[in-house]
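Summary of structural features
Listed below, chain by chain, are the residues.
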Amino acid sequence: MAGLAQTTISKINQVYDRWLPKVPAEITPRNVLIFCVISLLCIGTVMVASASMPYAERMHENEFHYVIRHAISIVVALVAAVITYRVSLNIWFNNTFPLWLITIGLLLAVLLVGTEVNGSTRWIRVGGFTLQATEVAKVMMTIFTADYVVRRAEEVRNNVKGLIRLGVVMLLTVGLIIAEPDLGATVVIAVSMLGVFFLAGAPMIQFGFAFGAILIAFVFLIVFEPYRYERLMSFSNPWADPLGSGYQLSNALMAFGRGEWFGVGLGHSIQKMSYLPEAHTDFMLAILGEEFGFFGISTVLVLSFAMVISCIKIGQRALNHQYLRAGYLAYGISIIFLLQILVNAGMNMGMLPTKGLTLPFISYGGSSLIMCAVMISLILKIDASTKVANPSREESSF
């Protein structure tokens, strides 16, 4: 398994190294990452304003309601990112168990005192704003797993105990998330933890067993929950019930159809006029496609994937310099971003069932935006902390 991971990453690096000499020295993974995040944040802010105003006017009699809240979230995200950057990576890695306990506490608080929205209890109200604990769990579980696979490296690579210990922690965490219920966040957390476990050199049989168990559990949760099964069936043919189970997707597809190559223009979307419910959240990409067309969608996806590639390159350098925890953390964050981009784009385009996952830095959502900023801050901290070889010379499988 470690050999497969090493081969895959080596091929990616060969392509990267072939083109690297032709790239200006200023274009580094760090600079590209910062450019992509700022660009996505600017595009997202404009689109939140465009997509939310009709809905805000109807629901709150203030068309700037969501724009103001989004601006506040950006300020809070910036403060959180600065604080995160000033904290040493060792502090995060040396306190993974307390961080996990805090995560469990937040998830329990959601179930006990959380606010129910559209049939799901996922939010804790704090001073007029809401905190989505699953967004915190994504980051904390990635930090936990990155530390675990290094601290328990011998068990991870040579003993089934490594899988069992991690599996217990994963099961306790995602069990609380499923109870909310939030299947999308469950998949992101489980796959990101399993992905880091794979990259740390877990044996193929253990990885296959864990992946199979997650797949079986995923199928079970869908098939035996009527509304999830209905969503699964509706995405394959939303036109079979365009006013029922296929309503959101059918309107999203109409938005893409109207956008064609260059869109109908900023602010001219029809679907955001309450045809596509809460278009400023999960289906922001559809509104973007309607107003800016294929060109707008391509721009956002290129920026998003460039952001992920930059995170991967920073993580790879950390591993090469023997900073294993930092490298695995960067890979875990990359997996989270990649999954959210693929799932959000897939559900908007009718390629995947509808899931409540935001498009990083584009969709409206304070908790998501803040935790995405924290993850980017961690990546930048990894980049700044791993420029030279680790004097402790930790052994790396890469």
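So, a few notes on the structure that sits alongside this text. (Residues numbered from 1 in each chain as written. Predicted model: local features only at pLDDT ≥ 70, side-chain atom pairs only at ≥ 80, totals over all residues. Heavy atoms only, no water.)

**A word on the overall build of the protein**
Helix and strand content of the protein: 15 helices and three strands. Going through the 398 residues of the protein one by one, you find that 50% of them count as buried. The contacts of the protein with a sequence gap of at least 6 include a subset with a gap of at least 24, amounting to 74%. Summed over its atoms, the accessible surface of the protein is roughly 18400 Å², and 68% of this surface lies on carbon and sulfur atoms. (Helix = DSSP H or I, 4+ residues; strand = E, 2+ residues; numbered from the N terminus. Buried < 20%, exposed > 50% of the residue type's maximum accessible area, 1.4 Å probe, protein only. Contact = heavy atoms within 4.5 Å. Areas by Shrake-Rupley, 256 points an atom, 1.4 Å probe, with all protein chains shown as cover.)

**Regarding unusual backbone geometry**
Backbone geometry at Q322 places phi at a positive 70°, although glycine is not the residue there. Mapping Q322 onto the fold places it in the loop between α13 (284-320) and α14 (324-348).

**Observations regarding the environment of P29**
Looking at the element boundaries, P29 is found in helix α2 (residues 29-60). Judged by its relative accessible area of 21%, P29 falls in the partly exposed class. Counting along the chain gives 284 residues from P29 to K313, while the straight-line C-alpha distance between them is 6.6 Å.

**Topic: α14**
The first and last C-alpha atoms of α14 sit 36 Å apart over 25 residues, in line with the 36 Å expected at 1.5 Å per residue. With respect to burial, α14 is a largely interior element, 21 of its 25 residues being buried. Among the residues trailing α14, G350 stands out with phi positive, at a value near 80°. (Expected span 1.5 Å × (residues − 1).)

**Describing the packing of aromatic side chains**
Scanning the entire structure with this criterion turns up seven aromatic pairs. Among the aromatic residues, those joined into a cluster by ring pairs are F97, W100, F144 and Y148. The side chain of K381 reaches across the aromatic face of Y85, ending 5.1 Å from its centre. (Phe/Tyr/Trp six-rings, centres within 6.5 Å; stacked < 30°, edge-to-face > 60°. Lys NZ or Arg CZ within 6 Å of the ring centre and 35° of its normal.)

**Overview of the state of the cysteines**
The tally for this structure, following the rule as stated, stands at zero disulfides. You can see C311 has no disulfide; the closest cysteine sulfur is in C36, sitting 9.3 Å from it. What makes C311 buried here is its relative accessible area of 0%. (Disulfide = S-S within 2.5 Å.)

**Brief notes about the environment of T45**
Tracing the backbone through its elements, the reader meets T45 in helix α2. As a C-alpha pair, T45 and A71 span 26 residues in sequence and 8.0 Å in three-dimensional space. Residues contacting T45, with those up to four places away along its chain left out, are H70 and I74. At 2.8 Å, the side chain of T45 forms a polar contact with the backbone oxygen of L41. (Polar contact = N/O pair within 3.5 Å; in protein donor to acceptor, adjacent residues only side chain to side chain.)

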